[in-house]
Amino acid sequence: MIGIVGGGISGLFLLHFLRERGVDAVLFEAAEVPGGVMKSLTVQGPSGSVTADLGPQRMRLTAGLGQVVDRVGLRSLVLRAPTGIPFTVLHAGRLIRAPVSVREALSTPLISTAGKIRALRDLFTAAPRPDESVAEALTRKLGREISTRLAAPLLGGLYASDPARMEARDTLIPALERAGGGRSLLLALRRAAKWERIPVVSFTGGMGALPHALVERHREHVHLGAPVTGIERRPPGGFDLVAGNQRVAVDEVVLTLPAPEAAPLVRSISPDAGDRLAALRYNPLAVVPLVAADDTGLGAGLRRMGSGFKVTLEDDFATRGVTAHEALFDRKGLFTAFLGGMGREEVLDRPDREILEIARTDFRRITGTDATPLLVHRTRMPAWDRSWRALDGLELPKGIRLCAAYTDRPGIPGRLESARRTAEKIASA
Ligand SMILES: Cc1cc2nc3c(=O)[nH]c(=O)nc-3n(C[C@H](O)[C@H](O)[C@H](O)COP(=O)(O)OP(=O)(O)OC[C@H]3O[C@@H](n4cnc5c(N)ncnc54)[C@H](O)[C@@H]3O)c2cc1C
């Protein structure tokens with residue numbers, strides 16, 4: 001019997017793949033609602049109810065994800081974004097289409113001609129070094145303009161982190177390897193462009209539909225509202241998982257919960273491993289769904305944004321990015337703003353009513369359109385910064401594994417692959 005701690009998407013994917021391989025497993029989730037950060041709410045907007053996603057806003061429907069979606073009976077609820085919608089970067093007060101091809105890169109007004117020529121040095125300079133910061137590696141290879149106006153906002157959108165505080169070995173080098181290796185970031189980007197062909201999707205009812213459907217499929221193996229408070233060794237091998245007044249004997253434990261919550265559980269069995277997990281930093285973020293006043297169709301400022309925008313490091317807004325649900329999934333007038341992260345954490349010290357006002361003002365200044373912010377959801381993202389060095393010497397006790405967003409790719413397709421690999425290892429053992 002395998003005990004899974006955490007019923008976010010990592011834990012639920014893992015349960016699914018273990019059950020598909022005939023491995024007995026039980027999952028404990030602290031909250032009454034599954035999905036962790038993958039959470040959707042129906043909220044009252046100014047002119048009717050809207051579906052607001054408070055964590056991931058969309059995902060790439062890879063072949064693996066498509067199979068799971070079919071297995072849990074969600075195919076008819078898939079909302080597919082139109083192909084080819086651009087996303088934009090806010091620079092010097094303008095929303096500029098982000099280049100996704102060589103032709104667009106050559107003509108984009110986001111980068112000066114000198115900046116474009118400078119980027120060619122990428123082809124002749126050494127690959128990113130493991131101990132270089134991401135900002136240093138990007139600037140050395142592509143030049144400061146591309147680094148601050150394009151690469152950093154995109155990476156910041158993925159990790160909500162300041163590239164100056166991230167080491168290349170944790171994110172940039174693995175991404176380069178996944179794109180086929182080599183020393184050139186430009187060539188890797190070109191090869192990775194095939195990723196752009198994978199459909200972007202959500203579900204009617206929001207992203208939270210997927211974790212709910214996974215729980216429905218494996219209901220008898222899931223305990224909701226059951227925080228694990230202890231992991232105790234059970235001689236001669238195995239563990240007891242303690243959750244409220246339940247004590248369940250398992251052969252192995254897989255931790256899928258965030259590092260700050262995993263640390264105290266691990267510490268009771270291995271103090272060193274627990275301390276290392278506790279050292280990982282997370283960046284606080286505020287997620288604010290907004291409904292644009294212009295519900296008669298997208299105004300020019302909103303249309304220009306495409307599927308959403310990111311703010312460059314040179315522009316000083318607390319809003320670091322916005323996702324446009326109207327353009328993506330035809331959700332009338334709905335946008336999601338992300339505030340904080342990337343060295344702008346101080347906005348999270350403000351009370352909710354001030355964050356709502358900042359989101360409203362930023363949105364109006366950037367798009368020229370009034371919008372009503374609906375709520376503030378405070379969340380966090382693994383920072384993938386220098387604190388990740390704590391993982392270098394991490395040795396987990398035998399029988400305890402991690403399958404978590406901070407040790408592998410954090411995006412949902414990445415979580416699926418990581419869960420599948422973990423399930424395969426367990427099943428073959
Ligand atoms: C704001 C935001 C936006 C994102 N946007 C995207 C996107 O657009 N596309 C994309 O692909 N990815 C996106 N991601 C990344 C992706 O959503 C996450 O990496 C992924 O959902 C993390 O899932 P998880 O299961 O690993 O962790 P979590 O979702 O954090 O789940 C961990 C679970 O463990 C539970 N738990 C904690 N303590 C205990 C305990 N003691 N006992 C039992 N259970 C416990 C928690 O309640 C939680 O449910 C985004 C992430 C965030 C935060």
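Quick caveat, the model's predicted, so the values are computed rather than measured. (Residues numbered from 1 in each chain as written. Predicted model: local features only at pLDDT ≥ 70, side-chain atom pairs only at ≥ 80, totals over all residues. Heavy atoms only, no water.)

## Topic: the overall build of the protein chain
Moving on, step 1. A tally of helices and strands in the protein chain yields 15 helices and 21 strands.
Moving on, step 2. Computed over the C-alpha atoms, the radius of gyration of the protein chain is 22 Å, within 12% of the 22 Å expected from 2.2 N^0.38 for a compact globule of 429 residues.
Moving on, step 3. Principal axes of the C-alpha set define a box for the protein chain whose edges measure 70 × 55 × 40 Å.
Moving on, step 4. The 429 residues of the protein chain split such that 55% are buried.
Moving on, step 5. Excluding contacts between residues fewer than 6 apart, the proportion of contacts in the protein chain whose partners are at least 24 apart in sequence is 68%. (Helix = DSSP H or I, 4+ residues; strand = E, 2+ residues; numbered from the N terminus. Rg over C-alpha atoms; globule rule 2.2 N^0.38 Å. Buried < 20%, exposed > 50% of the residue type's maximum accessible area, 1.4 Å probe, protein only. Contact = heavy atoms within 4.5 Å.)

## Digging into the environment of A52
Moving on, step 1. As for its placement among the helices and strands, A52 is situated in strand 4 (residues 48-53).
Moving on, step 2. The exposure class of A52 is buried, given its relative accessible area of 1%.
Moving on, step 3. Not counting residues within four places of it along the chain, the set of residues in contact with A52 comprises K39, S40, L41, V43 and P289.

## As for the environment of T422
Moving on, step 1. Mapped onto the fold, T422 is located in helix 15 (residues 412-428).
Moving on, step 2. When sequence neighbours within four positions are dropped, the list of residues in contact with T422 reads L14, V254, R401 and C403.

## Here we look at the nonpolar core
Moving on, step 1. Counting residues in each nonpolar core, the largest one holds 56 residues, and the members touching the most others are I231, V253, L255 and Y406.
Moving on, step 2. A domain split of this core shows at least three residues from each of domain 1 (2-37 + 206-280 + 387-428) and domain 2 (100-195).
Moving on, step 3. When sequence neighbours within four positions are dropped, the list of residues in contact with I231 reads F239, D240, L241, V253, L255, L265, S268, I269 and I400.
Moving on, step 4. Core analysis: the second largest hydrophobic core is formed by 37 residues, F13, L15, A25 and M38 among them. (Core = buried A, V, L, I, M, F, W, Y, C linked by side-chain atoms within 4.5 Å. Domains from an automatic or database assignment.)

## What about the pattern of salt bridges?
Moving on, step 1. In total, this model carries 34 salt bridges according to the counting rule given.
Moving on, step 2. Taking the shortest distance from any N to any O, the salt bridge between R97 and E104 comes out at 3.3 Å.
Moving on, step 3. Note on E104: relative accessible area 17%, which makes it buried.
Moving on, step 4. Put simply, E145 and R149 hold a salt bridge, and the shortest N to O gap is 3.4 Å. (Salt bridge = Lys/Arg side-chain N within 4 Å of Asp/Glu carboxyl O.)

## Details of the sheet that holds strand 14 (residues 252-255)
Moving on, step 1. Strand order in this open sheet of 5 strands is 10-2-1-14-21, and the pairing throughout is parallel. Every interior strand has two partners, whereas the edge strands, strand 10 (222-223) and strand 21 (400-402), have only one.
Moving on, step 2. Pairing geometry for strand 1 (residues 2-5) and strand 2 (residues 25-28), over 4 bridges, is parallel. Directly across from G3, in strand 2, lies its bridge partner V26.
Moving on, step 3. In this fold helix 1 (residues 9-20) packs onto strand 1, strand 2, strand 10 and strand 14, with an angle of close to 170 degrees to the strand it touches most, strand 2. (Pairing = 2+ DSSP bridges. Axes fitted to C-alpha atoms, helices over the stretch in contact; angles between N-to-C directions.)

## With respect to the domain arrangement of the protein chain
By convention, interface size is frequently given as the accessible area that disappears when the constituent parts associate.
Moving on, step 1. By the assigned domains, the protein chain splits into domain 1 (2-37 + 206-280 + 387-428) and domain 2 (100-195).
Moving on, step 2. Placing a centre on the C-alpha atoms of domain 1 and another on those of domain 2 gives a separation of 33 Å.
Moving on, step 3. Taken together, the contacts link 5 residues of domain 1 with 6 residues of domain 2.
Moving on, step 4. Taking both sides of the interface into account, the surface hidden between domain 1 and domain 2 amounts to around 480 Å²; carbon and sulfur atoms contribute 55%. (Buried area = accessible area lost by both parts, 1.4 Å probe.)

## Topic: the side chain of K116
Moving on, step 1. Structurally, the position occupied by K116 is in helix 4 (residues 113-119).
Moving on, step 2. Within the buried set, K116 has no salt-bridge partner at all; the shortest N-O distance to an opposite charge, 8.0 Å, is to E145.
Moving on, step 3. Of note is the side chain of K116, whose polar atom sits 2.8 Å from the backbone oxygen of L106. (Lys, Arg positive; Asp, Glu negative; His and termini not counted. Polar contact = N/O pair within 3.5 Å; in protein donor to acceptor, adjacent residues only side chain to side chain.)

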